[in-house]
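Close look at the chain arrangement
So you can see what is in the structure, the chains are spelled out below.
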Amino acid sequence: MSSISDAVTARLVIMGPQGAGKGTQAALLAERLDVPAISTGDIFRANIKGGTELGRTAQSFTAKGELVPDSVTNAMVRDRLGADDVSRGFILDGYPRNAAQVTELDAILGDLGVSLDAVIELTADRDELLARLARRAELEGREDDTEETIARRLDIYAEQTAPLTSAYASRDLLVQVDGIGAIDEVASRLGAALEPHLS
Ligand code: AMP
């Protein structure tokens with residue numbers, strides 16, 4: 001029997017509000033499909049920690065829970081998607097986050113001569129998300145996991161990012177998955193929903 005692990009290429013976006021388990025599911029799926037998980041948030045955090053110029057630019061925005069300007073983010077993603085290790089695919093986590101980034105991602109992939117196979121949306125209600133984010137704040141101590149920035153990030157997601165799913169739905173790319181449940185339960189739900197999109 002074929003499974004998603006047999007897919008030759010897998011070019012995926014994973015969307016969902018902060019706390020929906022995107023990072024965890026992206027990492028599991030990346031391992032299963034043997035493609036890199038690319039998290040724009042992780043790249044910004046690594047640059048902030050490393051004290052790079054990109055990190056210094058990003059920090060003033062990430063610390064407040066605001067989006068880093070598109071000019072900075074788009075250039076970073078274009079550069080990352082041009083690397084050799086993404087020739088068989090990728091799981092993009094945290095990008096695109098607004099309409100301009102959807103357009104830019106199309107342009108980047110068009111220039112590379114490839115296209116998306118699917119866009120996964122992990123769903124969870126706000127109360128569950130707030131509870132999970134409070135737990136993560138305790139465990140990880142992220143600078144942007146304060147009550148105020150969490151609320152700001154969830155608002156930005158609802159206003160700018162969630163509406164993007166309809167554009168992907170109209171292209172028949174959207175795969176919606178309930179993000180509530182144990183990690184392996186959600187992972188198998190996700191795998192089953194994704195199967196028809198990968199060959
Ligand atoms: P995340 O870990 O995905 O929640 O990202 C952490 C922070 O990095 C966000 O709150 C933004 O400040 C910034 N960031 C990550 N991805 C993007 C993006 N696609 N566009 C703009 N800013 C981003």
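Being a predicted model, the structure only gives us computed values, none of them experimental.

Describing the UniProt feature "binding site: AMP" (unreviewed entry) in the protein chain
Residues given the UniProt feature "binding site: AMP" (unreviewed entry) here are Thr 40, Arg 45, Glu 66, Leu 67, Val 68, Gly 94, Tyr 95, Pro 96, Arg 97, Gln 101, Arg 142 and Arg 153. A stretch of 114 residues holds the annotated residues, and the largest C-alpha distance among them is 24.9 Å, long enough that they do not meet in one place. Within the secondary structure, Thr 40 is located in helix α2 (residues 40–50). By secondary structure assignment, the location of Gln 101 is in helix α5 (residues 99–112). You can call Gln 101 buried: its relative accessible area is 3%. A distance of 2.8 Å separates a polar atom in the side chain of Gln 101 from the backbone nitrogen of Arg 97.

Considerations on the site of the ligand
Inspection of the region around the ligand gives 16 residues, with Thr 40, Arg 45, Glu 66, Gly 94 and Gln 101 positioned closest. Side-chain polar atom of Arg 142 to an oxygen atom of the ligand: 3.5 Å apart, as the coordinates give it. In isolation the ligand exposes 480 Å². Once the protein is present, 97% of that is buried. The dominant element in the shell around the ligand, judged by the number of residues it contributes, is α2, at 4 residues. In terms of residue class, the shell around the ligand is built from 4 nonpolar, 6 polar and 6 charged.

Conventions adopted
Residues numbered from 1 in each chain as written. Predicted model: local features only at pLDDT ≥ 70, side-chain atom pairs only at ≥ 80, totals over all residues. Heavy atoms only, no water. UniProt positions renumbered as here; feature names shortened; annotations may be inferred. Helix = DSSP H or I, 4+ residues; strand = E, 2+ residues; numbered from the N terminus. Buried < 20%, exposed > 50% of the residue type's maximum accessible area, 1.4 Å probe, protein only. Polar contact = N/O pair within 3.5 Å; in protein donor to acceptor, adjacent residues only side chain to side chain. Near = heavy atom within 4 Å. Areas by Shrake-Rupley, 256 points an atom, 1.4 Å probe, with all protein chains shown as cover. Nonpolar A, V, L, I, M, F, W, Y, C, P; charged D, E, K, R; others polar.

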